[in-house]
Amino acid sequence: MQTEILGTDGGSLVAAKRYIEAGEVVAFHTETVYGLGANAFSDDAVRRIFALKGRPADNPLIVHVHRDYDISKLIDGEPAYAAALRKAFLPGPLTMVYPSRGKVSKYVSCGLDTLAVRVPSSPTAQAFLRAVDLPIAAPSANLSKHVSPVTAQHVFEDFNGKIPLILDGGPCSGGIESTVLDCTGGVPQILREGLVTREMVASVAGECLLYKRKEGEKPKSPGMAYKHYSPYCRTAYCRSAEEAAALYDAEQAAGGAPAILCESGAVGILEGRNTLDLGANGEEMAQRLYALLRRGEKSATLLIAVEPKEQGGVMAGVMNRLKRAFGGSI
Ligand code: TXA
Ligand code: MG
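Keep in mind that this is a model prediction, so the values were computed, not measured.

Here Ser178 is to be found in the loop between strand 8 (165-167) and strand 9 (179-182). Each residue touching Ser178, except ones within four places of it in the same chain, is listed here: Thr32, Ile62, Pro93, Leu94, Thr95, Arg118, Arg192, Gly194 and Arg321.

As summarised here, the arrangement of the four strands in space is 12-15-13-14, forming an open sheet in which the pairing is parallel. Edge positions in the sheet fall to strand 12 (234-238) and strand 14 (275-277), since each has one partner strand and no second. Between one strand axis and the next, the sheet turns by 25° as a mean value, whatever way the strands run. Note that strand 12 and strand 15 (residues 302-306) share five bridges and pair parallel. If you follow Ala236 over to strand 15, its bridge partner there is Ile304.

Let us look at the domain arrangement of the protein chain. Domain boundaries assigned for the protein chain yield domain 1 (4-210) and domain 2 (234-326). Relative placement of domain 1 and domain 2: their C-alpha centres are 29 Å apart. With 22 residues of domain 1 at the contact, the number on the domain 2 side is 14 residues. For the pair domain 1 and domain 2, the summed buried area comes to about 1,500 Å², and 55% of that belongs to carbon and sulfur atoms. For the interface between domain 1 and domain 2, the tally reads four salt bridges. Between Asp158 and Arg294 there is a salt bridge, with the nearest N and O atoms lying 3.2 Å from each other. When the residues that make up the side of domain 1 that touches domain 2 are grouped by side-chain class, the tally is seven nonpolar, ten polar and five charged.

The next subject is the nonpolar core. By size, the foremost hydrophobic cluster in this structure holds 73 residues, and its most contacted members are Val108, Ile163, Leu261, Tyr290, Leu293 and Phe326. Residue contributions to this core peak at six residues, all from helix 10 (residues 282-299). Split by domain, the residues of this core number at least three in each of domain 1 (4-210) and domain 2 (234-326). In this structure, Leu293 is in contact with Val147, Tyr229, Pro231, Leu261, Leu303, Ala325 and Phe326, ignoring residues within four places of it in sequence. Listed in part, the 14 residues of the second largest apolar core include Leu13, Ala16, Phe28 and Leu167.

Along helix 2 (residues 43-53), the residues classified as buried are Ala45, Val46, Ile49, Phe50, Leu52 and Lys53. Around the axis of helix 2, the buried residues are gathered within 170° of arc, so they sit on the same side. The exposed residues of helix 2 that point more than 90 degrees off its buried face are Asp44 and Ala51. Lining the buried residues of helix 2 we find strand 3 (35-39), helix 4 (106-109), strand 7 (136-138) and helix 6 (152-159). Just beyond helix 2, the residue with positive phi is Gly54, at close to 70°.

Within strand 15, five of the five residues are buried, which leaves it mostly tucked inside the rest of the structure. In this structure, strand 13 (residues 258-262) lies alongside strand 15, joined through four bridges in parallel fashion. Bridge pairing in strand 15 links Ala259 to Leu303.

The pairing of strands in a sheet comes from backbone hydrogen bonds and takes either a parallel or an antiparallel form. Taken together, eleven strands build an open sheet; the order of strands is 1-8-2-3-7-4-6-5-9-10-11 and the sheet is mixed. Each of the sheet's edge strands pairs with one partner strand only, and the pair in question is strand 1 (4-6) and strand 11 (209-210). In this structure, strand 5 (residues 94-99) lies alongside strand 9, joined through four bridges in parallel fashion. Of the residues in strand 9, the one forming a bridge with Met96 is Leu181.

Before going further, it helps to examine the side chain of Glu251. Positionally, Glu251 belongs in helix 8 (residues 241-253). Polar contacts involving the side chain of Glu251 include one to the side chain of Arg234, which spans 3.0 Å. When neighbours within four sequence positions are excluded, Glu251 is seen to be in contact with Arg234, Gly256, Ala257, Pro258, Thr301 and Leu302.

One ladder, built from three bridges, connects strand 9 with strand 10 (residues 189-192); its direction is antiparallel. Residue pairing across strands places Leu181 opposite Ile190, the latter belonging to strand 10. Linkage of strand 9 to strand 10, two consecutive antiparallel strands, is achieved through a turn of six residues. Relative to strand 11, strand 10 runs parallel, the two sharing two bridges. Counterpart to Gln189 in the pairing with strand 11 is Leu209. In this region the chain leaves strand 10, passes through helix 7 (residues 198-205) and returns to the parallel neighbour strand 11; the handedness of that crossover is right-handed.

Rules used throughout
- What you see as residue numbers is a count from 1 along each chain, following the sequence as written.
- Labels follow written order: the first chain is A, the first ligand is 1, and so on.
- Whole-chain, interface and lining totals are the exception, using all residues; otherwise, since this is a predicted model, local features are given only for residues with pLDDT of at least 70 and side-chain atom pairs are given and counted only at 80 or more.
- Note that the side-chain values use all heavy atoms of the structure and ignore hydrogens as well as water.
- Every helix listed is a DSSP run of H or I at least four residues long, and every strand listed is a run of E at least two residues long, numbered separately from the N terminus.
- The contact criterion used is simple: two residues touch if any of their non-hydrogen atoms lie within 4.5 Å.
- The rule for pairing is simple: two strands pair if DSSP sees at least two bridges between them.
- Interaxial angle, 0 to 180 degrees, is taken between N-to-C directions of lines fitted to C-alpha atoms, where a helix line uses only the stretch in contact.
- Each domain's extent was defined by an automatic or database domain assignment.
- Using a 1.4 Å probe, buried area is obtained as the accessible area two parts lose upon being combined, added over both of them.
- One side-chain nitrogen of Lys or Arg within 4 Å of one carboxyl oxygen of Asp or Glu is enough to make a salt bridge.
- In this count, Pro and Cys sit with the nonpolar residues alongside Ala, Val, Leu, Ile, Met, Phe, Trp and Tyr, while Asp, Glu, Lys and Arg are called charged and the others, Gly among them, polar.
- Remark: nonpolar core denotes a set of buried residues (Ala, Val, Leu, Ile, Met, Phe, Trp, Tyr, Cys) joined through side-chain atoms within 4.5 Å.
- Here's how the labels work: a residue is buried when its accessible area is under 20% of the maximum for its type, exposed when over 50%, partly exposed in between, all with a 1.4 Å probe on protein chains only.
- Directions pointing from the helix axis toward each C-beta atom define the arc.
- A 3.5 Å cut-off defines polar contacts: any pair of N or O atoms within that distance qualifies, except that in protein one atom must be a possible hydrogen donor and the other a possible acceptor, and neighbouring residues in sequence count only when both atoms are side-chain atoms.
- Throughout, right-handed denotes a crossover for which the path from the first strand over the helix to the second runs clockwise when the strands point away from the viewer.

Right, dumping it as structure tokens:
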């Protein structure tokens, strides 16, 4: 199969609609990361996503809809705080988990009685979702466990020849996956941290909990139990730039080609070494993280991360991805 990378002009949306209606999988730009989408009503189409990614069968998918789609067709009621959150943050990088009406394929939620719904703000995603006018089940468009894609080229690297079409909307401005928020209880609860922060949710809903899995408990958001976002090269995680410098020098002395991923403030300390600059604040680091991980895995024999000192804002989401990409180990 030939994989085409196209913008939303010309006939690409007509083609996308045709593919989706035929049960094919189409990749598309969103403001967070690229998604790998299929008709959420079709068992076969949804199962094809799992097969393509090599995704564990117990890790549920998010359903994506355009901004005027009536989600009451899919979900079984919504608390008042959730309606307020939708108004405040959608379209945008917030995924909301509701009681499900069970209308979409059972493979979407992997047997859970809830449904995760997202309304992306990306004009490319909106154009695609409007053209198909169907709920689109979509995980991030990377092979399972690999780094999430933030350009059409990243998607191409993982799925060339396996899917017919990538709808290219340019680099993703957000850069890390959406916040996943459980809206089935009396108080909203964050299952996965992202660009909509706990403080932002609390400012609208009054309070917001952060889910922490207890020892031995089945995770509420199954995806969070898996190793994730990993570059294909060897990795190391350091608490300080000095520690990273020592590891770097040892790798170089042994004939390797190391690289160090660090916040802007640490670049100066590491002068003369090959650094990948994450940026100076949470938003920049979110935006650059996955592209730098993908660049690093191609060029480095050892990719070393230095723990950023920057706190607050979207750093909780960035730290979650960074630690899981590097396994948090040295
Ligand atoms: O930004 C994003 O959310 C991207 C773009 C493509 O929209 N999508 C994405 O999908 O990150 P994925 O499949 O890589 O991650 C979905 C996460 C997983 O951690 C999964 O366990 C959780 O959402 N999830 C999905 N349905 C759920 C449900 N019903 N209850 C709890 N967690 C759910
Ligand atoms: Mg993913």
